[in-house]
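Structural characterization, general
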Amino acid sequence: MATAKLTDRGLRTLSTDRPQEDIWDELLPGFGVRVTRGGVRTFFVRYRVAGAQRRMTLGRYPVLSLAEARERAREALAAAAAGEDPAVARRDAKRADTTFAALAREVLEAKAATTRASTRRERAQVLERYLLPEWGKRPAGSITRRDVALLIEKVARRAPVHAGKVLAVVRLIYNEGLRRGFPGVEANPAHMLQPPQRPAVRNRYLTAEEIKIVWRALDEESLITRCFFRFALLTAQRYGSIRMMRWMDIEPGNVWRTPAAHFKGRRDHLTPLSPEALAVLEEVRMLTGGGEYVFPSARGGPRNSIRTALSRLQQRTALPRWTLHDFRRTFRTHAVRAEKPAHPGDPVGLGIPPNVADAVLGHKEASLGFDRYTAEPERYLLAEKREALERWGRFVRQVVGEPFPGPLLLGG
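Residues numbered from 1 in each chain as written. Predicted model: local features only at pLDDT ≥ 70, side-chain atom pairs only at ≥ 80, totals over all residues. Heavy atoms only, no water.

1. Some remarks on the nonpolar core
In terms of nonpolar packing, the biggest core is built from 54 residues, with Phe229, Phe231, Leu281, Phe295, Trp322 and Phe327 touching the most fellow members. Where this core is concerned, the elements lending two or more residues are helix H8 (208–217), helix H9 (223–235), helix H11 (275–288), helix H12 (307–317), helix H13 (326–336), helix H14 (354–361) and helix H16 (382–400). Take this core: its biggest share by element is 8 residues, from H9. Here Phe295 is in contact with Ile224, Cys227, Phe228, Phe231, Ile242, Arg243, Leu281, Val284, Pro302 and Arg303, once residues within four sequence places are set aside. In this structure, Leu132, Leu167, Val170 and Tyr174 belong to the second largest nonpolar core, which totals 33 residues. (Core = buried A, V, L, I, M, F, W, Y, C linked by side-chain atoms within 4.5 Å. Buried < 20%, exposed > 50% of the residue type's maximum accessible area, 1.4 Å probe, protein only. Helix = DSSP H or I, 4+ residues; strand = E, 2+ residues; numbered from the N terminus. Contact = heavy atoms within 4.5 Å.)

Structure, rendered in structure tokens:
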């Protein structure tokens with residue numbers, strides 16, 4: 001019987017090769033989590049009432065947090081110790097609970113088994129951040145179309161992209177609530193509402209001169225922040241992948257493997273590391289090489305946020321607004337431009353084929369070669385990606401006018 005000290009960090013990466021496996025909590029006997037091969041993690045508690053052993057499901061992670069699950073388990077164990085069956089009590093309470101919070105949790109838990117992990121996390125965040133603070137204790141059937149419209153407008157004023165996500169979750173909750181016959185729900189208040197117009201697609205990229213300005217501005221940041229941003233520029237990878245990067249993910253041949261769990265495409269992704277990127281890693285390894293993550297937080301886990309550092313850099317550089325994600329667009333823009341333009345005055349680039357540049361970025365190529373003839377999709381165009389990133393590294397080095405150490409072999 002497997003036991004472990006359950007933590008949020010551990011739950012995020014918990015997996016099994018079996019159809020399902022129970023992990024018991026060392027801190028609270030009787031409490032545990034069941035993980036399936038598909039990545040679904042469900043909290044439960046085992047107790048004894050009237051001489052009979054019972055097991056009660058508490059909810060799925062991350063819709064139900066670890067702290068909430070432990071508290072529910074303690075309450076259930078206390079009730080069982082007093083001779084009451086907590087499963088019966090909860091069933092009776094559910095019959096009486098017709099709040100929006102009860103509806104939302106019931107729906108999201110029911111949908112969790114057929115929803116990928118990233119979508120479950122996003123829905124849980126929308127629920128906790130926007131919906132429960134507004135409507136959590138109200139009867140589910142009392143939410144009106146005007147309530148939804150006003151909430152969407154309120155969210156849109158601060159985060160236009162999030163407004164559409166909030167509306168989508170509300171629509172899902174009530175559509176499923178109607179289908180399940182949730183008490184008091186007679187209509188979907190999100191019906192006929194449209195999300196606010198999304199912002200125009202960004203086309204921001206950094207010119208060679210702007211790359212130099214940003215690079216120099218990083219000299220005033222801490223070592224980890226400086227290396228994080230420079231590594232992002234030199235590899236053109238997503239923020240989420242970089243923040244979860246571990247030293248063990250660097251394979252022989254100086255190739256960084258991003259596991260499917262931390263990659264937007266839900267597949268492993270390989271990034272060959274240029275000498276310039278390796279030099280940045282060597283610099284940060286002096287500080288973090290003894291831990292698991294390349295760019296850790298103060299507590300040793302993956303880095304939490306770059307928002308504050310990005311704001312400082314945006315002010316310090318005084319450039320038109322740019323973000324970390326613009327580094328990816330910067331790479332592709334310079335990469336695919338012709339190395340020898342046909343017409344004088346046309347911008348000069350690296351002459352990298354567009355499909356190779358997209359492979360570096362991790363974009364899936366819509367071709368038979370990618371989908372059908374590649375046993376290991378992450379190795380598709382790997383040699384071409386290495387050449388592209390080495391050329392990009394030399395380009396950045398020339399732009400910033402800064403020497404880099406020679407090639408390093410972090411991966412053996």
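2. Examining H11
Helix length check: H11 (14 residues) gives 19 Å between terminal C-alpha atoms against 20 Å at 1.5 Å per residue, within 8%. The set of residues buried in H11 consists of Glu276, Ala277, Leu278, Ala279, Val280, Leu281, Val284 and Thr288. Structurally, H11 contributes buried residues whose contacts are with H9, strand S6 (250–251) and H16. (Expected span 1.5 Å × (residues − 1).)

3. Some words on the side chain of Glu21
Here Glu21 shows up in strand S2 (residues 20–25). Here the side chain of Glu21 touches Thr16 through a polar contact of 2.8 Å, side chain to side chain. Sequence-distant contacts of Glu21, defined by excluding residues within four places in its chain, comprise Ala2, Thr16, Val33, Arg34 and Val35. (Polar contact = N/O pair within 3.5 Å; in protein donor to acceptor, adjacent residues only side chain to side chain.)

4. Quick look at unusual backbone geometry
Between Tyr61 and Pro62 the backbone carries a cis peptide bond, its omega angle lying at 10 degrees. Looking at the element boundaries, Pro62 is found in the loop between strand S5 (52–61) and helix H2 (66–81). Unusually for a residue other than glycine, Ala236 sits at a positive phi of about 60 degrees. Mapped onto the elements, Ala236 comes out in the loop between H9 and helix H10 (239–243).

5. A short note on the sheet that holds strand S7 (residues 255–258)
Taken in spatial order, the 3 strands of this open sheet run S6-S7-S8, and their pairing is antiparallel. Because the sheet does not close on itself, it has two edges, and the strands there are S6 and strand S8 (269–272). The pairing of S6 with S7 spans 2 bridges and is antiparallel. Residue pairing in the sheet places Glu251 in a bridge with Val255 of S7. (Pairing = 2+ DSSP bridges.)

6. Points about the confidence of the model for the chain
Chain-level statistics for the chain give a pLDDT mean of 89 and a share of 93% at 70 or above. Taken element by element, the chain is modelled with least confidence in helix H15 (residues 368–371), mean pLDDT 56, and with most confidence in H13, mean pLDDT 96. Considering only residues more than four positions removed or in separate chains, one finds that residues 406–412, a stretch of pLDDT under 50, has 19 contacts. (pLDDT = per-residue confidence, 0-100.)

7. Some thoughts on the pairing of S5
Relative to S5, strand S4 (residues 41–49) is paired through 9 bridges, and the arrangement is antiparallel. The residue of S5 that forms the bridge with Phe43 is Gly59. Here S4 hands over to S5 after 2 residues, with Ala50 in that stretch at a positive phi of 55 degrees.

8. Quick look at the packing of helix H6 (residues 145–158) against helix H7 (residues 160–180)
The geometry of H6 relative to H7 is characterised by a closest axis approach of 6 Å and an angle of 155 degrees between their N-to-C directions. Overall, the two elements H6 and H7 adopt an arrangement that is roughly antiparallel. The chirality of how H6 crosses H7 is right-handed. Contacts between H6 and H7 involve Val148, Leu151, Ile152, Val155, Ala156 and Arg158 from the first element and Pro160, His162, Ala163, Val166, Leu167 and Val170 from the second. (Axes fitted to C-alpha atoms, helices over the stretch in contact; angles between N-to-C directions. Parallel < 35°, antiparallel > 145°, perpendicular 65-115°, else oblique. Left-handed = near helix turned anticlockwise from the far one by under 90°.)

9. A few points about the pairing of S8
The two faces of S8 match: His269 and Thr271 on one face and Leu270 and Pro272 on the other face are all buried. Across 4 bridges, S7 lies against S8 in antiparallel orientation. Following the sheet pairing, Val255 is matched in S8 by Pro272.

10. What about H14?
Taken residue by residue, H14 has Val356, Ala357, Ala359, Val360 and Leu361 as its buried positions. Considering only its buried residues, H14 is in contact with H9, S8, H13 and H16. In the segment just after H14, Gly362 is the residue with positive phi, at about 90 degrees.

11. Notes on the sheet that holds S2
The mixed open sheet is built from 5 strands, whose spatial order is S1-S2-S3-S4-S5. The open sheet has two edge strands with one neighbour each: strand S1 (3–4) and S5. By the bridge criterion, 2 bridges tie S1 to S2 in an arrangement that is parallel. Among the inter-strand pairings, Ala4 is bridged to a residue of S2, identified as Asp25.

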